[in-house]
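# Close look at the chain arrangement
Chain by chain, the residues:
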Amino acid sequence: MGDIVQIYNDYKDHADFLTVYVREAHPTDEWQMKSNVKDDVCYAQPKTLEQRVAIAKDFTARYKFPLPFGIDDMSNAADNAYAAWPERLYIIDETGHIVYRGGLGPFHYKPAEVRQWLAAKYGAVKQGAQTAAASASRASAPASTSSEGTTSLSVPAKSEK
Amino acid sequence: MKRLLKWFAGILAVLLLAAFGVLCYMAGSPKDAYGMVRYALPHMRRGTLQVGSDAPDVRLVALDGIDRFHIRERLGRRPLVLAFGSFT
């Protein structure tokens, strides 16, 4: 169904969003994927926080990633607390309790379930309805990426297909 | 007895081969199957959090690399969608 960026565009008036960048899933010095080479997404596993921040900045700049962003520190505290690696989705309610726990990515990473949860609470939003106008206004600007979406996080390219 | 051991070894070999085949299919290639076993599986955890659990509060680094903030600071009067992931 939609990816997380599309969901953000559709529901940002109803819910808050936070992306948490965790340790790399397919760095060059571990299990590199061909698709990452093809899309020139080649990074070694960061050994320092500065390296991790640099990759996060590359990511947000390359894809003009619109979601609020935080970075897990080198102790991997967020990953450890949420069993988040390589990718995972949660929804926390206003009282600080988990109301949705997504499955472990990539096989059970299902943004559609987040959309379903939000739709049940706030009503269905037609995918892309709120971004259509924004896309039209960006039509004269160069595309932000031609990537097929090799990132662990869902990037705009996927949502705009 | 030797014959039984041979049968056991044969069945074990077939099962291992089948498991490797399934891994290759899931990962895409033998090299990727190795990558999955060597680098992915050791880090993948189901975790203990459940729906209804208190959301752990964790300090994160802001994109500027300097500021720090806690996940709970982002909790307001609306649900908070947390999306974990990486670039690669």
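Residues numbered from 1 in each chain as written. Chains lettered and ligands numbered in written order. Predicted model: local features only at pLDDT ≥ 70, side-chain atom pairs only at ≥ 80, totals over all residues. Heavy atoms only, no water.

Counted at 1.5 Å a residue, the expected span for helix H1 (residues 2-27) of chain B with its 26 residues is 38 Å, and the 37 Å between its end C-alpha atoms agrees. Taken from the residues just after H1 of chain B, Gly28 of chain B is the one with a positive phi, measuring 115 degrees. (Helix = DSSP H or I, 4+ residues; strand = E, 2+ residues; numbered from the N terminus. Expected span 1.5 Å × (residues − 1).)

Another point: the nonpolar core. By size, the foremost hydrophobic cluster in this structure holds 32 residues, and its most contacted members are Ile4, Phe17, Phe69, Val114 and Leu118 of chain A together with Phe87 of chain B. Residue assignment for this core shows that the elements contributing at least two residues are helix H1 (4-11), strand E1 (16-21), helix H3 (49-63), strand E2 (69-71), strand E3 (88-92) and helix H5 (111-122) of chain A together with strand E3 (80-85) of chain B. Sort the elements by how many residues they give to this core and H3 of chain A lands first, with six residues. Not counting the four nearest positions on each side in its chain, Phe17 of chain A is found in contact with Ile7, Tyr8, Tyr11, Lys12, Leu67, Pro68 and Leu118 of chain A together with Leu80 and Val81 of chain B. Core analysis: the next-biggest nonpolar cluster, separate from the first, contains 29 residues, Tyr82 of chain A together with Ala27, Ala55 and Leu80 of chain B among them. (Core = buried A, V, L, I, M, F, W, Y, C linked by side-chain atoms within 4.5 Å. Buried < 20%, exposed > 50% of the residue type's maximum accessible area, 1.4 Å probe, protein only. Contact = heavy atoms within 4.5 Å.)

Moving on to the interface of chain A and chain B. At the junction of the two partners, chain A supplies 80 residues and chain B supplies 48 residues. Both sides together, the interface formed by chain A and chain B hides about 5500 Å², and carbon and sulfur atoms give 62% of it. Between chain A and chain B we count two salt bridges in total. Taking the shortest distance from any N to any O, the salt bridge between Arg45 of chain B and Asp79 of chain A comes out at 3.3 Å. At the junction of chain A and chain B, the tally comes to 32 residue pairs in polar contact (both at pLDDT 80 or more). Of all elements in the fold, only E1, H3, E2, helix H4 (77-82), E3, strand E4 (98-101) and H5 of chain A reach the threshold of two or more residues within the side of chain A that touches chain B. The element that contributes the greatest number of residues to the side of chain A that touches chain B is H3 of chain A, accounting for 10 residues. Residue classes in the side of chain A that touches chain B are distributed as 46 nonpolar, 15 polar and 19 charged. With six bridges connecting them, E1 of chain A and E3 of chain B associate as parallel partners. (Buried area = accessible area lost by both parts, 1.4 Å probe. Salt bridge = Lys/Arg side-chain N within 4 Å of Asp/Glu carboxyl O. Polar contact = N/O pair within 3.5 Å; in protein donor to acceptor, adjacent residues only side chain to side chain. Nonpolar A, V, L, I, M, F, W, Y, C, P; charged D, E, K, R; others polar. Pairing = 2+ DSSP bridges.)

Within the element layout of this structure, Asn80 of chain A appears in helix H4. Accessibility expressed as a relative area gives 47% for Asn80 of chain A, which makes it partly exposed. Residues in contact with Asn80 of chain A, not counting those within four places in the same chain, are Ser75 of chain A together with Arg45 of chain B. One polar contact links the side chain of Asn80 of chain A to the main-chain carbonyl oxygen of Ser75 of chain A, over a distance of 3.3 Å.

On to the packing of aromatic side chains. A complete count under the given rule lists 12 aromatic pairs over all chains for this structure. A ring pair is formed by Phe65 of chain A and Phe69 of chain A, whose centres lie 5.9 Å apart and whose planes are at 90 degrees; its orientation type is edge-to-face. Just as Phe65 of chain A is buried, Phe69 of chain A falls in that class too. In this structure an aromatic cluster arises from ring pairing among Tyr21, Tyr43, Phe59, Tyr63, Phe65 and Phe69 of chain A together with Phe87 of chain B. (Phe/Tyr/Trp six-rings, centres within 6.5 Å; stacked < 30°, edge-to-face > 60°.)

Okay, unusual backbone geometry next. All names here are of chain A. For the bond running from Trp85 to Pro86, omega is 0 degrees, close enough to zero to count as cis. Residue Pro106 follows Gly105 across a cis peptide bond; omega there is -5 degrees. Residue placement: Pro106 occurs in the loop between E4 and H5. Positive phi, close to 55 degrees, is recorded for Asp40, a residue that is not glycine. Along the polypeptide, Asp40 turns up in the loop between helix H2 (34-38) and H3. The exposure class assigned to Asp40 is exposed, which follows from its relative accessible area of 57%. Of note, Lys64 is a non-glycine position whose phi angle comes to about 45 degrees, a positive value. The topology assignment puts Lys64 in the loop between H3 and E2.

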